[in-house]
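The lines below spell out each chain.
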Amino acid sequence: DPGRRELYDGSDALVEERIEDHYGFGFNANTYLSASGTAGETLLRFNSTYGAEVRTERLNIANEPVEGLPTRDFLVRKRRNFRFELGLDAERDLGEDLGAKAILLYFQLDQEPETKQQLFDEFDEQTLFRLADTEAKATETIGRLEFSWTKFDNHVLQLNIEATRNVLESELVQTVDDGDGPVIVPVPGANTRVEETRGDILLNDTWTFGKVKFEYGVGAETSTISQTGDAEEERSFDFVKPRTALTYSGNNNRQTRLSLQREVAQLDFNDFVSATDFEEDDLALGNPNLKPETTWVAEFSEEWRFGEIGIFKLTGFHHWISDVQDLLPVTDEFEVPGNIGDGRRWGVIAETAVPLDRLGLRSSRLEITARWQDSTVVDPVTGEDRVLTSEPGSSQDIGLTNENRYAILADFR
């Protein structure tokens, strides 16, 4: 994404212009293997994926300050990511009214990123060389049991039990040469191991009477997160997650649904680990005290169906968020991932699927999902209300789950 940046000071005066030229090369490769079959009365499924991402990106930045001499930065970023995923599940009836399913998932991501930076003065002489070489391995193992009991008329009782173990190991070696020879410079919090053991249980009942379906249940989650290496920390979390939903189907073509539930976000272990950001001349510190944010999610939706596949659905939502995850200032120069307080998010989602046979496109349809939202949280620096932070990067797809105000997804099949 080549382009120009303009930097301004607090009085809105232009300080510097940066002209960026970005180019790169590489490849992504993925393989998939899946199979299914029966063993007696048990249905077995197997899924696996192996993927590799190998890329080299080069960034040339011409710095042109309003006052002072021009300089140039040259960065080379290498990505070496290898991903493996394995899934197994078995499903069978344990009795006339009892069904069961067992699921096992394993995920592993090996990363070997490397970033090299060279700084040049106005005479194009090198004044600084920096190299950050990282090795990281992330694994996740999940075991899950699901039971469904239909003993009572008009009721479906569901019990889910899940256990998860997550591990991230990361090592960073940073080398700096300012003209006197290369020196290894330690980065605090960059060499560490983070482990999480989590248990989750859900008991839910779906009660159907006439045109009304009432779902209610409660879940509980407990987890222990420990960190060793540059940071030594161990913390435990316990959450209760109630949920309820009421659905009314007045006729075959219309449905109304109202739901309320509490959700608990999963932490990104990379937020626990420090990393360098040569492009911004910054240090992204890790935070071993980060807490998962929790959200009360309320939704109200109306759904209309027409024809065999035609559908239009309108959903309004409001989220009450506790312990919003964002960035916390540590000093004037550094910030860390952290929890900045309570926030809210609200908006509307419209979904439709339209068959296109009348246009002469047989067996085709157009699916559109559009979302508008707004949000608010108190900024930890200014003390003023602002929207929730979006994922950075102008080249990223505008996702329906990001914090951008508008998003639309159209899919022609």
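In what follows, the accompanying structure is described.

1. Quick word on a nonpolar patch on the surface
And step 1. Taken together, the side chains of Trp 304, Phe 306, Phe 312, Leu 314, Val 348, Val 354, Trp 372 and Tyr 406 make up a nonpolar region of the molecular surface, amounting to roughly 710 Å² of accessible area.
And step 2. Looking at the nonpolar patch, the elements that each hand over two or more residues are strand S16 (294-306), strand S17 (310-322) and strand S20 (343-355).
And step 3. If you trace the backbone, Tyr 406 turns up in strand S23 (residues 406-412).

2. What to know about the packing of aromatic side chains
And step 1. As enumerated under the stated definition, the model contains seven aromatic pairs in all.
And step 2. A ring pair is formed by Trp 207 and Phe 209, whose centres lie 4.8 Å apart and whose planes are at 55°; its orientation type is tilted.
And step 3. Since its relative accessible area comes to 35%, Trp 207 is described here as partly exposed.
And step 4. Taking 6.3 Å as the distance between ring centres and 10° as the angle between the ring planes, the aromatic pair formed by Phe 237 and Phe 239 counts as stacked. Both residues of the pair, Phe 237 and Phe 239, count as buried.
And step 5. One residue, Arg 72, lies across the ring of Phe 120, its end atom 4.2 Å from the ring centre.

3. Side note on the environment of Ser 274
And step 1. The topology assignment puts Ser 274 in the loop between strand S13 (254-264) and strand S14 (275-277).
And step 2. C-alpha separation for the pair Ser 274 and Leu 285, spaced 11 residues apart in sequence, amounts to 4.2 Å.
And step 3. With residues up to four places along the chain from it excluded, the contact list for Ser 274 reads Val 187, Pro 188, Gly 189, Ala 190, Ala 284, Leu 285 and Gly 286.
And step 4. At 2.8 Å, the side chain of Ser 274 and the backbone oxygen of Pro 188 are in polar contact.
And step 5. Polar contacts involving the side chain of Ser 274 include one to the main-chain amide nitrogen of Gly 286, which spans 2.9 Å.

Scoring rules and cut-offs
- Residues numbered from 1 in each chain as written.
- Predicted model: local features only at pLDDT ≥ 70, side-chain atom pairs only at ≥ 80, totals over all residues.
- Heavy atoms only, no water.
- Patch = residues over 30% accessible without salt bridge, like charges linked within 9 Å, V, L, I, M, F, W, Y side chains within 5 Å.
- Areas by Shrake-Rupley, 256 points an atom, 1.4 Å probe, with all protein chains shown as cover.
- Salt bridge = Lys/Arg side-chain N within 4 Å of Asp/Glu carboxyl O.
- Helix = DSSP H or I, 4+ residues; strand = E, 2+ residues; numbered from the N terminus.
- Phe/Tyr/Trp six-rings, centres within 6.5 Å; stacked < 30°, edge-to-face > 60°.
- Buried < 20%, exposed > 50% of the residue type's maximum accessible area, 1.4 Å probe, protein only.
- Lys NZ or Arg CZ within 6 Å of the ring centre and 35° of its normal.
- Contact = heavy atoms within 4.5 Å.
- Polar contact = N/O pair within 3.5 Å; in protein donor to acceptor, adjacent residues only side chain to side chain.

Purely geometric numbers; function is a separate question.
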